[in-house]
Amino acid sequence: MRSRVGRAILAFLLLSQLATIIGLVTISRHEANQLVDERSVAVLHENIADARHRLDNHLIPAEALLGFTENVLSDGAIEPQLLEGAFREILVESPQVAGSFVGDELGNFFYVSRTEEGIRVKEIDTAGDRSVNVATYDQQGMLIRAETLEDDTYDPRARPWYGVATDNVGAIGWTDPYVFFTSQQPGITAAKAIVRDDEIQGVVGVDVELGALSEFLLALRPAENGEAVIVDSETGVILGSNRAAATGEPLDAETQSEIEAVIGEVVDRELGAEVLEVENTNGETERVAFRQVEVGDHDWIILMMGTEKEVVGELAASKERDRRLQLIAGAIALAVTAIVAAPILRPVRELEHEAQIDVLTELPNRRSIMEAADRLSSSASPHAFAMVDVDRFKLVNDEYGHQVGDEVLCEIALRLSDALEMGDHIGRIGGEEFVALLRGDAEQTSRTAERMLRAVSESPIPTSDGVIPVTVSIGLATAPEISDEVRLLADADSALLAAKSAGRNRIMSFDVAKECPVEFESVTA
């Protein structure tokens with residue numbers, strides 16, 4: 001009798017344990033499914049945010065140069081030759097800029113552009129007998145050749161960018177994308193009219209190549225077979241992860257069809273990032289995240305497309321492994337469930353960490369800084385952006401190698417961090433460029449910016465190849481109250497460009513009233 005009771009109790013305990021295991025595995029499966037669903041959406045949104053920030057960074061240098069050039073030319077007679085130094089500087093500092101130019105109402109034209117040989121300067125002078133002269137310089141600034149083009153009939157007033165600027169006086173106009181004649185690369189031109197005494201004197205413009213942006217999208221696409229594209233709601237695909245889009249060639253019919261199916265639903269929605277589900281030609285459900293952005297008069301749409309399995313490959317694989325575990329739940333122990341949970345959660349923690357941190361310097365990345373700025377702005381706390389760029393960093397990499405260059409960037413990151421006040425933030429947003437979010441009024445943030453400048457320049461950087469003297473240039477833009485953080489960052493970037501054009505190793509601040517960079521006034525002198 002006792003034996004039968006003992007066996008019954010043992011069977012009850014085993015069945016109870018089995019039920020507990022099945023219940024835990026079922027809960028784990030449900031949580032894994034939910035985790036994959038949420039993470040697939042989050043990945044798409046993060047990629048959309050990265051693409052939006054890269055698009056802003058790609059176009060902001062052109063807008064900043066237009067503002068700087070317009071301010072110089074609006075104070076007196078148009079002498080574009082005086083701008084050659086600034087035009088050359090922007091070509092060095094901003095590889096996406098293909099050329100900068102000025103054209104006036106008389107047909108005069110001055111153009112500084114990048115070529116495979118170096119720098120090309122073209123000047124059209126209509127005073128007296130019309131002349132067209134072209135000079136080509138190598139990378140060191142030495143003249144390669146000078147020539148006069150007798151048959152050149154180029155007229156800046158007939159170009160699309162001239163019409164875009166004169167039709168939108170007071171604003172920056174952007175042309176439709178087209179293939180540049182000199183480089184044969186896809187690009188877009190930003191232009192702004194120069195006005196003096198209510199009369200249009202001419203137009204200043206900047207050519208921006210889009211090939212690098214397309215390559216970025218290629219790397220950013222959420223999966224090997226996914227798509228990351230920028231489209232115009234009226235003209236169709238501009239750039240995309242499909243390499244054909246980068247050369248202006250049409251996308252393959254299948255991809256084009258899928259994108260067109262999405263565009264029809266997107267254009268009727270409000271601005272912002274959303275996620276749709278569409279069925280592709282293979283009968284699979286694809287998740288599509290999108291965000292509409294304005295580029296001048298153009299409505300561009302950033303799209304990220306991919307199936308759930310492709311978007312979160314490792315997490316989706318974890319979900320499949322979890323389903324198999326449920327089939328053999330009676331044979332596993334509670335400890336195994338805990339072990340299975342660990343690899344499911346670890347990729348999420350790693351992805352979340354990588355989404356917020358720059359791997360080299362371990363500083364916050366752009367997204368983290370902008371989130372902190374949004375919090376400050378919503379609380380109406382006075383603050384400023386300080387854009388910091390290492391002067392002539394390319395020479396450090398060329399002479400000492402990229403390993404030493406990385407050592408220099410890490411040391412600069414430490415020095416800039418030590419110069420901040422409590423509550424300030426510093427992040428690396430790419431290459432040799434940093435951005436600091438500084439709390440306080442104009443005097444407080446100016447004092448911090450001066451400490452940052454001195455922290456780098458006052459003593460050489462120790463490296464494995466010896467000490468290297470390094471300086472930085474800083475552009476400062478202060479917001480006394482709630483502000484547009486993207487615009488504030490653009491103002492700081494404009495001031496940074498002015499600081500580098502003025503000789504580097506200095507601070508320039510952006511004057512909101514004058515809408516242009518001005519000389520920085522020291523508060524510690």
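Description of the structure in this document. (Residues numbered from 1 in each chain as written. Predicted model: local features only at pLDDT ≥ 70, side-chain atom pairs only at ≥ 80, totals over all residues. Heavy atoms only, no water.)

What follows deals with the packing of aromatic side chains. Tallied over the entire structure, the rule returns 7 aromatic pairs. Consider the rings of Phe109 and Tyr111, whose centres lie 5.8 Å apart with planes at 35 degrees: the pair is tilted. Centre to centre, the rings of Phe109 and Trp161 are 6.2 Å apart; their planes meet at 25 degrees, and the pair counts as stacked. Of this pair, Phe109 sits in strand β2 (residues 109-114) while Trp161 sits in helix α3 (residues 160-166); the two residues are 52 residues apart in sequence, bridging distant segments of the chain. The exposure classification of Phe109 matches that of Trp161, with both residues buried. (Phe/Tyr/Trp six-rings, centres within 6.5 Å; stacked < 30°, edge-to-face > 60°. Helix = DSSP H or I, 4+ residues; strand = E, 2+ residues; numbered from the N terminus. Buried < 20%, exposed > 50% of the residue type's maximum accessible area, 1.4 Å probe, protein only.)

The next thing to look at is unusual backbone geometry. Backbone geometry places Arg504, a non-glycine residue, at a positive phi of 70 degrees. Mapped onto the secondary structure, Arg504 falls in the loop between α14 (485-501) and β21 (507-511). With relative accessibility at 10%, the residue Arg504 sits in the buried group. Of note, the phi angle at Asn505 is positive, near 55 degrees, even though the residue is not glycine. Here Asn505 is to be found in the loop between α14 and β21.

Moving on to the layout of surface pockets. Empty space among the atoms can be located by rolling a probe the size of a water molecule over them. Empty space within the second largest pocket amounts to approximately 1000 Å³. The wall of the second largest pocket is formed by 37 residues, among which Glu63, Ile172, Arg487, Ala490 and Asp491 lie closest to the centre. Element by element, the count of residues in the lining of the second largest pocket is highest for helix α1 (residues 2-73), at 11 residues. When its residues are assigned to classes, the lining of the second largest pocket shows 18 nonpolar, 8 polar and 11 charged. (1 Å grid on protein atoms, 1.4 Å probe; cavity = no way out; pocket = protein on both sides within 12 Å on 5 of 7 lines; lining within 4 Å. Points joined across faces, edges and corners; volume = space filled by probe spheres on them. Nonpolar A, V, L, I, M, F, W, Y, C, P; charged D, E, K, R; others polar.)

Okay, the pattern of salt bridges next. Two side chains that carry opposite charge are able to pair once their charged atoms sit near each other. Under the defined criterion, the tally for this structure stands at 15 salt bridges. For Arg88, the salt bridge goes to Glu84, with nearest N and O atoms at 3.0 Å. One end of the pair is Arg88 and the other is Glu84, both in helix α2 (residues 84-93) and 4 residues apart, which spans about a single turn. A relative accessible area of 22% places Arg88 in the partly exposed class. Note that Asp389 and Lys500 form a salt bridge whose closest N and O atoms lie 3.0 Å from each other. On the criterion of sequence distance, the pair formed by Asp389 in strand β15 (residues 383-390) and Lys500 in helix α14 is long-range, its members being 111 residues apart. Across the pair, Lys500 and Asp389 agree in class, each one buried. The network of salt bridges with common partners includes Glu117, Arg145 and Glu147. (Salt bridge = Lys/Arg side-chain N within 4 Å of Asp/Glu carboxyl O.)

Within the secondary structure, Arg415 is located in helix α12 (residues 402-418). For Arg415, the side chain forms a polar contact with the main-chain oxygen of Ser459, separated by 2.7 Å. Reaching out from Arg415, the side chain makes a polar contact with the backbone oxygen of Pro460 at a distance of 3.0 Å. Aside from chain neighbours lying at most four places away, what touches Arg415 is Ala455, Val456, Ser459, Pro460, Ile461 and Pro462. (Polar contact = N/O pair within 3.5 Å; in protein donor to acceptor, adjacent residues only side chain to side chain. Contact = heavy atoms within 4.5 Å.)

On to the environment of Arg504, then. Sequence separation between Arg504 and Ile474 is 30 residues; the distance between their C-alpha atoms is 8.5 Å. Non-local contacts of Arg504, meaning those with residues more than four positions away in its chain, are made with Glu89, Glu93, Asp391, Arg392, Ser473 and Ala499.

Turning our attention to the nonpolar core. Grouped together as the largest cluster of nonpolar side chains are 40 residues, with contacts concentrated most on Trp174 and Met304. Here this core takes 8 residues from α1, the largest share from any one element. Residues within four places of Trp174 in sequence aside, it is in contact with Leu59, Ala62, Glu63, Val164, Ile188, Thr189, Ala190, Val208, Val295, Gly296 and His298. Within the second largest apolar cluster, 31 residues are counted, among which are Leu363, Ile412, Leu416 and Ala419. (Core = buried A, V, L, I, M, F, W, Y, C linked by side-chain atoms within 4.5 Å.)

Further remarks concern the sheet that holds strand β16 (residues 425-430). Taken together, the 6 strands give an open sheet; going across it, the order is β16-β17-β15-β20-β21-β22, and neighbouring strands pair in mixed fashion. Each edge of the open sheet carries a strand with a single partner, namely β16 and β22 (516-519). Here the strands of the sheet are splayed against their neighbours by 25 degrees on average, with no regard to which way each runs. For strand β20 (residues 472-479) and β21, the ladder comprises 3 bridges, and the chain directions are parallel. Across the sheet, residue Gly475 finds its bridge partner in β21, namely Met508. (Pairing = 2+ DSSP bridges. Axes fitted to C-alpha atoms, helices over the stretch in contact; angles between N-to-C directions.)

Here the focus is the environment of Glu105. Relative to the helices and strands, Glu105 is located in the loop between β1 (97-104) and β2. Not counting residues up to four positions away in its chain, the partners in contact with Glu105 are Arg157, Tyr162, Ile200, Gln201 and Gly202. A distance of 2.3 Å separates a polar atom in the side chain of Glu105 from a polar atom in the side chain of Tyr162.

This paragraph deals with the packing of helix α11 (residues 393-400) against α12. Where α11 meets α12, the axes come as close as 7 Å, and the angle between the chain directions of the two elements is 140 degrees. As far as their axial angle goes, α12 and α11 are oblique. On the side of α11, the interface is formed by Phe393, Val396, Asn397 and Tyr400, while α12 contributes His402, Val404, Gly405, Val408 and Leu409. (Parallel < 35°, antiparallel > 145°, perpendicular 65-115°, else oblique.)

These values are about where atoms sit, not about what they do.
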